[in-house]
Each structure stands twice: as structure tokens, then as C-alpha cells.
Amino acid sequence: MKKVLLEVKNEVAWLTINRPEKRNAIDYDVMELFNEMLTIAEERTDVKALVVTGNGTEAFCSGGDLSVFHEIYTKVDAEKMLNKMANVLLRLFFFPKPTIAYLNGTAVGGGCEIATACDFRIAAKNVKLGFIQGKLGITTGWGGSTYLLERINRNEAIQLLMAAEVFDTEKALRVGFVDYIYDNAELYNWLSRFTKQDLGVLLAYKRRYSDKYDKELIHNRVLAEIDNCSSLWETPEHHDAVARFINK
Ligand SMILES: CC[C@@H](C(=O)O)C(=O)SCCNC(=O)CCNC(=O)[C@H](O)C(C)(C)COP(=O)(O)OP(=O)(O)OC[C@H]1O[C@@H](n2cnc3c(N)ncnc32)[C@H](O)[C@@H]1OP(=O)(O)O
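Rules used in this analysis
- Residues numbered from 1 in each chain as written.
- Predicted model: local features only at pLDDT ≥ 70, side-chain atom pairs only at ≥ 80, totals over all residues.
- Heavy atoms only, no water.
- Buried < 20%, exposed > 50% of the residue type's maximum accessible area, 1.4 Å probe, protein only.
- Helix = DSSP H or I, 4+ residues; strand = E, 2+ residues; numbered from the N terminus.
- Pairing = 2+ DSSP bridges.
- Contact = heavy atoms within 4.5 Å.
- Near = heavy atom within 4 Å.
- Polar contact = N/O pair within 3.5 Å; in protein donor to acceptor, adjacent residues only side chain to side chain.
- Areas by Shrake-Rupley, 256 points an atom, 1.4 Å probe, with all protein chains shown as cover.
- Nonpolar A, V, L, I, M, F, W, Y, C, P; charged D, E, K, R; others polar.
- Axes fitted to C-alpha atoms, helices over the stretch in contact; angles between N-to-C directions.
- Parallel < 35°, antiparallel > 145°, perpendicular 65-115°, else oblique.
- Left-handed = near helix turned anticlockwise from the far one by under 90°.
- Phe/Tyr/Trp six-rings, centres within 6.5 Å; stacked < 30°, edge-to-face > 60°.

**Student:** Before we move on, could you go through the pairing of strand β2 (residues 12–17) and cite the residues and values that matter?
**Tutor:** Judged by how many residues are buried, β2 sits mostly within the fold: six of six residues are covered. Of the two faces of β2, the one carrying V12, W14 and T16 and the one carrying A13, L15 and I17 are both buried. For strand β1 (residues 4–9) and β2, the ladder comprises six bridges, and the chain directions are antiparallel. Opposite K9, over in β2, you have V12 as the bridge partner. Here β1 folds back onto β2 in antiparallel fashion, the turn holding two residues, of which N10 has a positive phi close to 50 degrees.

So, in C-alpha cells, the structure goes:
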């Protein structure tokens, strides 16, 4: 079974990270496939919106696959890995069609970064969320803090990042990180309000939405974020925290 699936239903492309046994953690295959699926969803004229979600009920995404990335030791190697996923998320942030992260379960670390790159975040009931990178002695490194600071109130954003705590959907709604708490049927219903419009209308409004941003400026901020994260990556604090997870 592929690690990332793409299914088109009712003119909506569902991109599903398909590693439930690893809580949908992101490894290099997932990065590649995620990018490929974005190309398909972008090019298909029968696709009017993109939903990103995770397989199963446990997790949306648990971030970077620590069983793979624990082998990354140096700043240079960390930069290569971070850049790879940051490019995918930059593409997602500027995706020409509306994008929705459906938080079907836990989203932590890079999982929250993926969600933040989407236009909307809709959560199932009682999911746990967290920009927990700080607990691993690193920062976001896939563009997540750059996007979060654009998505919600700056002071709420910086608190979520600095505290690195896990929070619930009630808090996520309160601070504006999550737009709605919906089950699957409610999500389909909400999506149908947009998919009944012509693709041209949706593309035009999405262009207005994205026009707010200078792509080069956003990219430069993401590069600065990668630089920060990769510098912290080579510290013993980070390696020790990852080792604790691997050897749990
Ligand atoms: C590296 C990029 C960086 C970024 O730029 O943002 C990050 O993403 S940093 C954050 C990295 N992620 C984490 O630290 C999360 C680690 N996982 C967890 O804390 C928990 O697994 C969970 C996500 C809260 C879910 O808990 P639970 O439902 O109790 O499941 P388990 O803990 O039992 O996990 C089941 C299974 O999955 C493996 N797993 C989970 N997450 C990862 C991961 N990120 N990388 C690799 N493997 C992961 C876990 O080890 C279990 O495996 P088995 O023990 O073999 O069953």
C-alpha cells in the first residue's frame, strides 16, 4: 500500500498520509509522494479543493519519522531534510485551490506544520494538537512557525510555539488554529458549499487570498526558520530527546 493516497470524491481530492502504524509520521517516501499528489490535485480539472488528512482514527500526523531522522546528526544534513519538506509545504501554502487539513486525530510537531500550511483546519472531536518541537530542543523547520504567525493572532501563535504544549480542540478553536469541529458528514456538507461553484471562481478567489503574500518574502522567512532549526538539530539537547523517544 502506498504511504500517501489520493482519492477524488465529489470534486474534492483527499490526500491521505497512510502510515497509521507510525501515527502517519513523515519519512522521505511520504515527502516525495505528497509532492506528487499535489501535482495531480493541481492539474486535475475535476478537482476543486484539496483535503489533507491521515489514515485511521488515532493520528493526523506525528511529524517527522524519528526512526529515520534520528540518523541525521549535522546541521548540513538536517538542512537537506528540512528543505525537502519545507518545499512541499511552501507549495501547499500557495496551492491554487482551497486547501483543508482534516485533523482526524493527533497532530504534533511537523503534523501541525502541515495543518498550518493549509487554508483551513477542521478537526474531529477531541483531538490533541501541539507544536512540540521545543520539547525536542528544536524549532519548527518545515515553515510551520512562518505560517502560524500568518494564520492566527501573533501573540497566541508565539505562545503555542514557545510553550510547546499539547492542547485540545477547545483551545485550538479559541485561539483560531482550528476553524470548525466537524465529523466526516459535516465536513462533506461544508465542502459542498464551495464545490457547487465553478472551478474558475474558486481559483480566482484563491488567487486573491494568496496575493496578500509576497512569495519571496515568505520563502526567505521559511529559509531563516530552517537555518534556526538545523542549528539546534546538532545540539546534544536535540539528540538526547530523540534518543529518549527511540529507546522508550
Ligand atoms: C523532524 C521534523 C520536526 C519538524 O520539523 O517539525 C518534527 O516533526 S519534530 C516532532 C517529531 N514527532 C514527535 O516527537 C512525536 C512522537 N510521537 C509521539 O509523541 C506519540 O507517538 C503520539 C504521536 C503522541 C501518539 O501516541 P500514541 O497514540 O500513544 O502512539 P504510540 O506512541 O504508541 O505510537 C505508535 C507507534 O508509532 C510510532 N511513532 C509515533 N510517532 C512517531 C514518529 N514521529 N516517528 C517515528 N515513529 C513514530 C511509535 O514509535 C509506535 O511504534 P511501535 O512502538 O513500533 O508500535
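**Student:** Requested: an account of the side chain of H238, with residues and values cited.
**Tutor:** By the element assignment, H238 lies in helix α11 (residues 236–246). A relative accessible area of 2% places H238 in the buried class. Those residues in contact with H238 that sit more than four places away from it in its chain are L136, G137, I138, L232 and W233.

**Student:** Please give an account of the site of the ligand that cites residues and values.
**Tutor:** Taken together, 24 residues are adjacent to the ligand, and S62, G64, G110, E113 and Q133 come closest. L66 is positioned such that a nitrogen or oxygen atom in its backbone is 2.9 Å from a nitrogen atom of the ligand. Separating an oxygen atom of the ligand from a side-chain N or O atom of K248 is a distance of 3.0 Å. Burial of the ligand by the protein amounts to 70% of the accessible area it has alone, namely 1,000 Å². A per-element tally of the shell around the ligand places helix α2 (residues 66–69) first, with three residues. The class makeup of the residues in the shell around the ligand is 10 nonpolar, eight polar and six charged.

**Student:** Before we move on, could you go through the packing of helix α4 (residues 110–117) against helix α5 (residues 144–151) and cite the residues and values that matter?
**Tutor:** In contact at an axis separation of 9 Å, α4 and α5 are set at 45 degrees when each is read in the N-to-C sense. Considered as vectors, α4 and α5 are oriented oblique to each other. Here the hand of the crossing between α4 and α5 comes out left-handed. Across from E113, T116 and A117 in α4, the residues of α5 making contact are G144, Y147, L148 and R151.

**Student:** Would you mind going over the packing of aromatic side chains in detail, with residue names and values included?
**Tutor:** Scanning all chains against the criterion turns up 11 aromatic pairs. Centre to centre, the rings of F93 and Y213 are 5.1 Å apart; their planes meet at 55 degrees, and the pair counts as tilted. Of this pair, F93 sits in helix α3 (residues 75–93) while Y213 sits in the loop between α9 (199–211) and α10 (215–233); the two residues are 120 residues apart in sequence, bridging distant segments of the chain. Taking relative accessible area as the criterion, Y213 reaches 15% and is therefore assigned buried. With centroids separated by 6.2 Å and ring planes inclined at 75 degrees, the aromatic side chains of F167 and F177 adopt a geometry described as edge-to-face.

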